[in-house]
Amino acid sequence: LYTHQADWKEITDTAQFATLMGDYAEALGLDRTRFESDLPSEEALALIEQEHQDGVAAGVKGTPSFVVEGTKLENVDSATSTADMVAAFKQAAGL
């Protein structure tokens, strides 16, 4: 999604945005019909709002940010190696 951010970040037309997101969903192998019906649903909106509130409560200020068990991981970002990221996630989860 972020690889193609330049393609969608300036779109203001809801139908055009939904069509493009449907294209991405289909390219990922998702059921386009279900995706397009789920996208504007009240359940999806509620989930997004809850995730946003959880991020705010955890101190998330931008992306990428990682939260495990309600705690924002510090010093883990997109430049962190996969092995170090997995280790940080496991430590934060108590594994």
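Note that the structure is predicted; figures quoted are calculated from it, not measured.

*Asks:* I keep staring at the layout of surface pockets and nothing clicks. Help me out?
*Replies:* Gaps left between atoms are located by rolling a probe of water-molecule size over the structure's atoms. Counted as a void, the largest pocket has a volume near 280 Å³. Forming the boundary of the largest pocket are L47, I48, E51, H52, D54, G55, V56, A57, A58, V60, V67 and G70. No other element matches helix α4 (residues 42-58), which puts 9 residues into the lining of the largest pocket. Considered class by class, the residues forming the lining of the largest pocket number 7 nonpolar, 3 polar and 2 charged. The computed volume of the second largest pocket comes to approximately 160 Å³.

*Asks:* Please explain unusual backbone geometry as it appears in this structure.
*Replies:* Excluding glycine, most residues fall at negative phi; most peptide bonds, likewise, are trans. Omega for the peptide link from T63 to P64 comes to -5 degrees, which places this bond in the cis form. Along the chain, the position of P64 falls in the loop between α4 and β1 (67-68). Notably, E69 is not glycine yet its phi reads approximately 55 degrees, a positive angle. Taking relative accessible area as the criterion, E69 reaches 69% and is therefore assigned exposed.

*Asks:* Would you take a moment to explain the environment of T71 for this structure?
*Replies:* Here T71 shows up in strand β2 (residues 71-72). Under the relative-accessibility criterion, T71 is labelled partly exposed at 47%. Separated by 18 residues in the primary sequence, T71 and Q53 place their C-alpha atoms 13 Å from one another.

*Asks:* What should I look at first to understand α4 in this one?
*Replies:* Each α-helix turn comprises 3.6 residues. Residues three or four places apart therefore point the same way. In this model, α4 (17 residues) spans 24 Å end to end at C-alpha, consistent with the 24 Å of a helix rising 1.5 Å per residue. Count one or two residues on from α4 and you reach G59, which has phi positive near 95 degrees.

*Asks:* For this particular structure, what's the right way to read helix α5 (residues 82-93)?
*Replies:* The first and last C-alpha atoms of α5 sit 16 Å apart over 12 residues, in line with the 16 Å expected at 1.5 Å per residue. Positioned one or two residues after α5, G94 has a phi angle of 75 degrees, which is positive.

*Asks:* Would you mind going over the environment of L39 with me for this structure?
*Replies:* Mapped onto the elements of the fold, L39 is located in the loop between α3 (32-38) and α4. Residues contacting L39, with those up to four places away along its chain left out, are A18 and A44.

Calculation notes
- Residues numbered from 1 in each chain as written.
- Predicted model: local features only at pLDDT ≥ 70, side-chain atom pairs only at ≥ 80, totals over all residues.
- Heavy atoms only, no water.
- 1 Å grid on protein atoms, 1.4 Å probe; cavity = no way out; pocket = protein on both sides within 12 Å on 5 of 7 lines; lining within 4 Å.
- Points joined across faces, edges and corners; volume = space filled by probe spheres on them.
- Helix = DSSP H or I, 4+ residues; strand = E, 2+ residues; numbered from the N terminus.
- Nonpolar A, V, L, I, M, F, W, Y, C, P; charged D, E, K, R; others polar.
- Buried < 20%, exposed > 50% of the residue type's maximum accessible area, 1.4 Å probe, protein only.
- Expected span 1.5 Å × (residues − 1).
- Contact = heavy atoms within 4.5 Å.

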